[in-house]
Amino acid sequence: MVKSKLEGRKVTFHDMCLRDGMHAKREKISVEQMVEIATALDRANVPMLQVTHGAGLGGNSIQHGRALATNVEYISAVAKKMTQATVSVLLIPGLGTMDELDEAYAAGARSVHVATHSTEADTSPQHIAHARKLGMDTTGFLMMAHLNDAAGLVEQGKLMESYGAQTVYVTDSAGYMLTDDVTEAITRLRDALSPETEIGFHGHHNLGLGVANSIAAIAAGASRIDASVAGLGAGAGNAPLEVLAAVCDRMGIVTGVDTFALMDMAEDVIVPLMDHIVRVDRESLTLGFAGVYSTFLLPAKRASARFGIPARDILIELGRQKMIGGQEDMIQDTAMTMARERGLLDAAE
Amino acid sequence: MKKIKCALIGSGNIGTDLIYKIRRSEVLEPVWMVGIDAESEGLKRARDMGLKTTADGVNGLLPHVATDDIQIAFDATSAYVHAENSRKLNALGVMMIDLTPAAIGPLCVPPVNLREHADKLEMNVNMISCAGQATIPIVSAVSSVQPVAYAEIIASLASKSVGQGTRANLDEFTYTTSNALVKVGGARTGKALAVINPAEPPMIMRNTIYCETDDSPDQAAITASVRTMITEVQKYVPGYRLVNGPVFEDNLVSVFMEVAGLGDYLPTYAGNLDIMTAAATRTAEMFASEILAGKLTLKPVEAA
């Protein structure tokens, strides 16, 4: 065996089951289930876990689906049970607001991913500054990173850093990035940002690269990695945390998590909870292949059933039109337009 | 024919596009453009188009209000400075059309409630937001048929059409628009979402309107009401177009709209710019016509 160059490197894992995983559950995870899963993550020594509606603060909507409880109910139920883990939230400006961040903080959230599309960092200064004012661990989260090049990501990351972000993430929302893309983006950011600013990576497993890309990110200088137990997340899921933990153990990367406990959790808690097995299949692979926001998977399947257009065709068309996160309304719209063009829908409808 | 003289405050995308809209008006004339940077592209363009300009903010305009007979001012700055601008100009008897999300005056969506504002001699009316102008007519069209418990709208905007002011103040945009879905749209509760898309070529402004009705929706009546309302909006924004819907699923009514602009200052994809400036111009025209007909006399507002 070759000795790993990453031996001794320290990485902070951030679990996404209770946020990105909400997408895979159509936002239907109960408060009790959240507490059960969060408690198990806390026991397995996972240092950070995200708890909100899949679209984050303000996410409860027709556009993004309605969860079984409010974000405040989820956060407060989970936060008071944590012995060591930090509870984080997602905030996408344009959807979530600073008022909602105040409520989340009051409920016990102490970290936030302030997320913008990878070219629109300048919609986040108010929210990042506000999170810092609250004393929260603050991340700037550049979504759909494949729609910007490495130089552009550096420019956007520097903006977020200038607003006060302590960590900047490359977020592969479509699971489209190849390993070399991840290496280049993270390397350039690591060179350009202040040494105190951490770099993070959030992958999706649509091309089966969730673990490999996370390791490439660590090798290039990322010290925070988002993943979820059993990959519970949008599309083909996030990088499966128990697999990533096992790989890190083998490579000598220091994560502090209990890998066997995560393996047990995946098998005994998360997989039995899944409505469909979260994996690379025809439609989720299409997301990674065409560069489509992973969350579009289930709405595209619903539109497919309703209007008779194959989900893959809808997803490819959404990718061609460069639709981004937050434009879930355009899935039904696009399906209807395609159905009309194919003679499946009355012209007057 | 005599025209009412206007000042434009804020030399960004909206202020600049307003010059084109107001110049075409039969009752309005753009005279002053107010900015804060003498070298800005917006002030330069305004000078080239024959407007008087000042880079000293509203204070640079005040000495000229009486001599140039300015009666209506359009404010396209930001929510934070609007209140002060409005106070200073109202004190001189200038009526304010507010294009910021400040919303200190009553909210105006022309095909829904313009008439009642003219009747009340308002000295400050607020135009809400581009998303509000594009979606509230549809919410109103549905709520005029039957009670709407909740209205939710999603506005997708081309990145190139969204100026610094909107970017830095997305929360204000969200609050003002959500509130207006209720106050003007007639829904009991409302929520507004905005998405900024950088695709090239830029995407045309899209708006999706969801209304949840209390009872089973009267499909024929709602469809007819929505189509009538679209015709009303098209009178001042010809590129306001129904793409899909209304579609009905249980008590949910969904309408998918597109807004193409006239391509005055920014290309046609920036329908968000047009629907705001066209609505503001239409509002000002209503007041100007009343003034010209002698039915309305603007009076200075004494400072409270």
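Computed from a predicted structure; not experimentally measured. (Residues numbered from 1 in each chain as written. Chains lettered and ligands numbered in written order. Predicted model: local features only at pLDDT ≥ 70, side-chain atom pairs only at ≥ 80, totals over all residues.)

Colleague: Explanation requested: unusual backbone geometry in the structure shown.
Modeller: Residues and elements named next belong to chain B. Residue Pro-201 is reached from Glu-200 by a cis peptide bond, and omega for that bond is -10°. Summarising the element assignment, Pro-201 is placed in the loop between β8 (189–197) and β9 (205–213). Omega for the peptide link from Gly-245 to Pro-246 comes to -5°, which places this bond in the cis form. Along the chain, the position of Pro-246 falls in strand β10 (residues 240–249). (Helix = DSSP H or I, 4+ residues; strand = E, 2+ residues; numbered from the N terminus.)

Colleague: What's the story with the sheet that holds β9(B) in this structure? I'm lost.
Modeller: Note on sheets: strands pair through backbone hydrogen bonds, and any given pair is parallel or antiparallel. Residues and elements named next belong to chain B. Read across the sheet, 5 strands follow the order β8-β7-β9-β11-β10 without closing on themselves; strand pairing throughout is mixed. The strands lining the two open edges of the sheet, one partner per strand, are β8 and β10. On average, each strand axis in the sheet is inclined to that of its neighbour by 15°, with strand direction left out of account. Both β9 and strand β11 (residues 252–259) contribute to a ladder of 8 bridges, which runs antiparallel. Bridged to Cys-211 within β11 is Val-253. (Pairing = 2+ DSSP bridges. Axes fitted to C-alpha atoms, helices over the stretch in contact; angles between N-to-C directions.)

Colleague: What is the right way to look at the sheet that holds strand β4 (residues 70–75) of chain B in this model?
Modeller: Residues and elements named next belong to chain B. The strand order across the open sheet built from 6 strands is β3-β2-β1-β4-β5-β6, with neighbouring strands paired in parallel fashion. Looking at strand neighbours, the two that pair on one side only are β3 (52–54) and β6 (124–126), the edges of this open sheet. Sheet twist, expressed as the mean angle between neighbouring strand axes with direction ignored, is 25°. Sheet topology note: the strand β2 (residues 28–34)/β3 ladder contains 3 bridges and is parallel. Looking at the pairing, Val-34 lines up with Thr-54 of β3. Contacting β1 (4–9), β4, β5 (95–98) and β6, helix α4 (residues 79–90) runs over the sheet at an angle of about 160° to β5. With respect to the sheet, helix α10 (residues 271–292) is in contact with β1, β2, β4, β5 and β6, its orientation differing from that of β4 by roughly 165°. (Contact = placed C-beta atoms within 7 Å.)

Colleague: What is the right way to look at helix α8 (residues 170–183) of chain B in this model?
Modeller: In an α-helix, one turn spans 3.6 residues, which is why side chains three or four residues apart end up on the same side. Residue and element names in this part refer to chain B. End to end, α8 covers 20 Å across 14 residues, agreeing with the expected 20 Å (1.5 Å per residue, within 8%). With 10 of 14 residues buried, α8 is to be regarded as a mostly interior element. When we look at burial in α8, the residues that qualify are Leu-170, Asp-171, Glu-172, Phe-173, Thr-174, Thr-176, Thr-177, Ser-178, Ala-180 and Leu-181. (Expected span 1.5 Å × (residues − 1). Buried ≥ 20, exposed ≤ 12 C-beta atoms within 10 Å, placed from the backbone.)

Colleague: Help me understand the domain arrangement of chain A, please; the structure alone is not making it clear to me.
Modeller: By a widely used convention, the size of an interface equals the accessible area lost when the partners come together. Domain boundaries in chain A define domain 1 (12–273) and domain 2 (282–341). In terms of residue class, the side of domain 1 of chain A that touches domain 2 of chain A is made up of 9 nonpolar, 12 polar and 1 charged. (Domains from an automatic or database assignment. Nonpolar A, V, L, I, M, F, W, Y, C, P; charged D, E, K, R; others polar.)

Colleague: Which parts of the structure should I look at to understand the pairing of strand β6 (residues 167–171) of chain A?
Modeller: Within a regular beta strand, the side chains point alternately toward one face of the sheet and then the other, so they alternate between its two faces. Residues and elements named next belong to chain A. A large share of β6 lies buried, amounting to 5 of its 5 residues. Of the pairings in the sheet, the one linking β6 to strand β7 (residues 198–202) comprises 5 bridges and is parallel in character. When the bridges of β7 are listed, Val-170 appears paired with Phe-201. Regarding the hand of the β-α-β motif, the stretch spanning β6, helix α7 (residues 179–192) and β7 is right-handed. (Right-handed = clockwise from strand over helix to strand, strands pointing away.)

Colleague: Is there a simple way to think about the nonpolar core in this case?
Modeller: It is characteristic of soluble globular proteins that their nonpolar side chains tend to be buried jointly. Residue and element names in this part refer to chain B. Counting 214 residues, the largest nonpolar core has Cys-6 and Leu-8 as its most contacted members. Counting residues per element, this core draws most heavily on α10, at 9 residues. With sequence-adjacent residues up to four places away left out, Cys-6 is seen in contact with Ile-22, Leu-28, Glu-29, Pro-30, Val-31, Ile-70, Ile-72, Ala-73, Phe-74 and Ala-284. (Core = buried A, V, L, I, M, F, W, Y, C linked by C-beta atoms within 7 Å.)

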